[in-house]
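Secondary and tertiary structure notes
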Amino acid sequence: MKAIRRFTVRPVLPEALHPLSELARNLRWSWHAETRDLFQSVDPERWAASGGDPVRLLGSVSVRRLAELAEDRRFLRQLTAVADDLRDYVTGDRWYQGQAQTSELPAAIAYFSPEFGITAALPQYSGGLGILAGDHLKAASDLGVPLIGVGLLYRHGYFRQSLSRDGWQQEHYPVLDPNELPLVPLREPDGSPAQVDLALPGGRWLHARIWQAQVGRVPLLLLDSDVEENDLGERGVTDRLYGGGSEHRLLQEMLLGIGGVRAVRTYCRLTGHAGPEVFHTNEGHAGFLGLERIAELCDEGLDFDAGLEAVRSGTVFTTHTPVPAGIDRFDRELVARHFGPDAELPRIDVGRILGLGMETYADGDPNVFNMAVMGLRLAQRANGVSLLHGHVSRDMFSGLWPGFDPDEVPITSVTNGVHAPTWVAPEVFRLGARQIGAQRTEDAMTVGGSERWDSVGDIPDQDIWELRRDLREQLVMEVRERLAASWRQRGAGTAELGWIDGVLDPDVLTIGFARRVPSYKRLTLMLRDQDRLMDLLLHPERPVQIVIAGKAHPADDGGKRLIQELVRFADDPRVRHRIVFLPDYGMAMAQKLYPGCDVWLNNPLRPLEACGTSGMKAALNGCLNLSVLDGWWDEWFRPDFGWAIPTADGTATDDDRRDDLEASALYDLLEQRVAPRFYERGQGGLPDRWIEMVRQTLTHLGPKVLAGRMVREYVERLYAPAARAHRSLAPDVARELAEWKARVRGAWHRVTVDHVETSAAPLSTAAELGATLVLRVRVGLGDLVPDDVEVQAVSGRVDTDDRITDATYVPLKPVGGPDGEGRWSYEGPLSLDRTGSFGYTVRILPAHRLLASAAELGLVAVPSEEMGEVAGVLMR
């Protein structure tokens, strides 16, 4: 008989064991080995059965066992030590508190993301975006950065994946009970649950309860719409991550952004936590947070434009997608229906809201509301997630800044990093601790610093190789266990599965490939020439084995077909001992997979991988990368510690031809360079050159790929400037800036470059390197004055189309005006500082002390086409 309702009955902990509850609820246990060891000692069998989840463990341990532990002096000493360590961790000063300019740093930062991958025990993530967000919170905690995380609590999380007998992906959605997760409800002083409310069209309401996860020092607030006060439709708003149709997704993103700000305000009111000075929007899904903050300021007396300036000053926006198809876009009428007098934010004109997200630029669709476009318009500072992705993003969003070259688009980049204590195998940590000490190893993995990683060079080759084999052997056993479970799910009987005992070999070169399965990641590139792949797998002297995992989005049948194609190949009895597909890829699997592989394979279509952090996690465990030069690998690749798969850049319009060429290049690398290097032995019987590549990977990539490095960059380059800008924009200053922008926009049509001349010889005469010319310019400013603008000389080498490359920008000074026609004169030097084809031009930009970028308004005036004859090429 099936129960109509389920709940958990927990034992009451004896007083001596009360610290266990606090330790279980703080997710630091997910990356702190001593805390995990403590919980394992409570009941090793139940710990394994719980999947390493302390909350589930404590919910299942017997009262008798708890009573025994309460009298166990050794256990109590260990419990006291671990509890004291957590207390010191969450209250002591760390990197952030030690900064000399701490008073200039934000008192708090609110970090919004649609998903967070903290631990498998809190399944609120689908892939890279969520894992990155989780690592961001953990690194912020380690560094003492006062972050508040904000997300949604999905009652089904992301889906669980299995395979049918014929290899087709099947999805399952287990129901999650928040009371069985490492969460606590946020409560009002009277004990009632804290909640936020959003108005919906037709007089309906969306209510959401606030749950809190504690990620070390960082609180993570998760909003849950599955509450009794809601109607059935509203209860389902937070049912699934990335599920449902357009209106469902819109409501999720309104709850995340608008409800998230209200949750932060509630949390700060109830706990006394400092209010955020900076709001970080991790992808466009949370973009509505800016609207709620504008509405707050309007309630305090600011108008919309002044509120917009104040909000922009303290907002950071991170884009993670290199393709427009990866951005949430809604029909403008759908968005309009959910705002205004009969819905949410009734005091704000719906037209102003729509204006923030509409694609009102060349090649855009003005009937579409674009969440990334809104995110960029609501943030004064924006970034991509690798150096290459920054370039791609500036080009992709350049329509928002017409008249500027893509390189000038105000989107910078902060390359992602990964949280080493989460992803580094305990065996790797122990080897480092033996070499340099446990504390220095922990510091190397959290704070970073190349000097700490240099000591890897002193680890004996034998120790490195024994570690690599041990990790590979652990992976082999993990794969066999998971593969057997998968085949049983596919309907196989025990008698059919004897072959699994021979799957993989701990002494064979092991390649890993695991990620989401959109088409651009090319899961099946390795299958382009199946005979050649078979030869690699079955080579008599230098065999290769491959472990593969990944999920396709439930609505992506194309991705599911790729998985099926791969699975059918891996099912072939000739090769199934050498190539494996493991379903249900997630954090728990990844933490075994990265350390156990020798090579991490990544072969996306360049440049469609924004960053791709799985290879970083592998590298921290001594795994070598074999990848297309995309994402972070394009930035940090060196032949000392990995291989670059050549790309067929000239065949972009012929997908099959490009894939054939790049697959062939992949096979060549594996046959001629990777496998021979792995199996080659030196005089001592060890693969000396392979071990040296492992050493170089740890020494050179280790300090770079850390989430600690990433968060420090966010603090120094984005959070601190945003906090300073936020503080400078008091209400009167915000009004002044908004009025100035309105005045400049209204007058800009009359701003012109009227005349340009230099002290140069005739243009047909070659100029000499090192010469300095005087540039004289007359400009029309209309109703503006020189204080409103900056007139610049732009010079540099020119290409065959007379476009300036590697430009130098020099401000010119006003020397007179206005004349009778209202024109102003400017002068300045033009230095001929490079040889070859050289050219210059002049432009006028808005200028104000509070602008974060000269391109912020998207306004620029340049010479007319007719003047190009004069202001173009100076010398050839």
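Report follows, based on the coordinates.

Parameters and conventions
Residues numbered from 1 in each chain as written. Predicted model: local features only at pLDDT ≥ 70, side-chain atom pairs only at ≥ 80, totals over all residues. Heavy atoms only, no water. Salt bridge = Lys/Arg side-chain N within 4 Å of Asp/Glu carboxyl O. Helix = DSSP H or I, 4+ residues; strand = E, 2+ residues; numbered from the N terminus. Buried < 20%, exposed > 50% of the residue type's maximum accessible area, 1.4 Å probe, protein only. Pairing = 2+ DSSP bridges. Axes fitted to C-alpha atoms, helices over the stretch in contact; angles between N-to-C directions. Parallel < 35°, antiparallel > 145°, perpendicular 65-115°, else oblique. Left-handed = near helix turned anticlockwise from the far one by under 90°. Contact = heavy atoms within 4.5 Å. Nonpolar A, V, L, I, M, F, W, Y, C, P; charged D, E, K, R; others polar.

1. Focus: the pattern of salt bridges
On inspection of all chains with the given rule, the structure shows 60 salt bridges. In this structure, Arg727 and Glu277 form a salt bridge, with 2.7 Å as the shortest nitrogen-oxygen distance. With Arg727 in helix H28 (residues 707-728) and Glu277 in the loop between helix H9 (246-271) and strand S9 (278-282), the pair connects residues that are 450 residues apart, well separated along the chain. Of the charged contacts, one joins Arg638 and Asp640 as a salt bridge, the two residues approaching to 2.6 Å between their closest N and O atoms. With a relative accessible area of 34%, Arg638 lands in the partly exposed category. Each of the salt bridges in this network shares a partner with another, and the network as a whole consists of Arg522, Asp655, Arg658, Asp659 and Glu662.

2. Some thoughts on the sheet that holds strand S25 (residues 813-816)
What the 4 strands build is an open sheet, ordered S21-S22-S26-S25; its pairing is antiparallel. Single-partner strands in this sheet number two, and they are strand S21 (752-758) and S25. Sheet twist, expressed as the mean angle between neighbouring strand axes with direction ignored, is 30°. The pairing of S25 with strand S26 (residues 823-831) spans 3 bridges and is antiparallel. Note on S26: the bridge partner recorded for Lys813 is Glu827.

3. Thoughts on the packing of helix H17 (residues 426-436) against helix H20 (residues 461-489)
The N-to-C vectors of H17 and H20 enclose an angle of 165°; their axes lie 10 Å apart at closest approach. The pairing of H17 with H20 is recorded here as roughly antiparallel in orientation. As H17 runs across H20, the sense of the crossing is right-handed. For the pair H17 and H20, the contacting residues are Glu427, Val428 and Leu431 in the first and Asp463, Leu467, Asp470, Leu471 and Gln474 in the second. When its residues are assigned to classes, the contact of H17 with H20 shows 4 nonpolar, 1 polar and 3 charged.

4. A look at the sheet that holds strand S19 (residues 624-628)
A sheet is described by the order of its strands in space; here 6 strands give the open sequence S17-S16-S15-S18-S19-S20, paired in parallel fashion. Each edge of the open sheet carries a strand with a single partner, namely strand S17 (579-582) and strand S20 (642-645). On average, each strand axis in the sheet is tilted by 20° relative to the strand beside it, whichever way the strands run. With 6 bridges joining them, strand S15 (residues 509-514) and strand S16 (residues 544-549) adopt parallel strand pairing. If you follow Thr510 over to S16, its bridge partner there is Gln545. Sitting on the sheet, helix H27 (residues 688-701) is in contact with S15, strand S18 (599-602), S19 and S20, with an inclination near 80° to S19.

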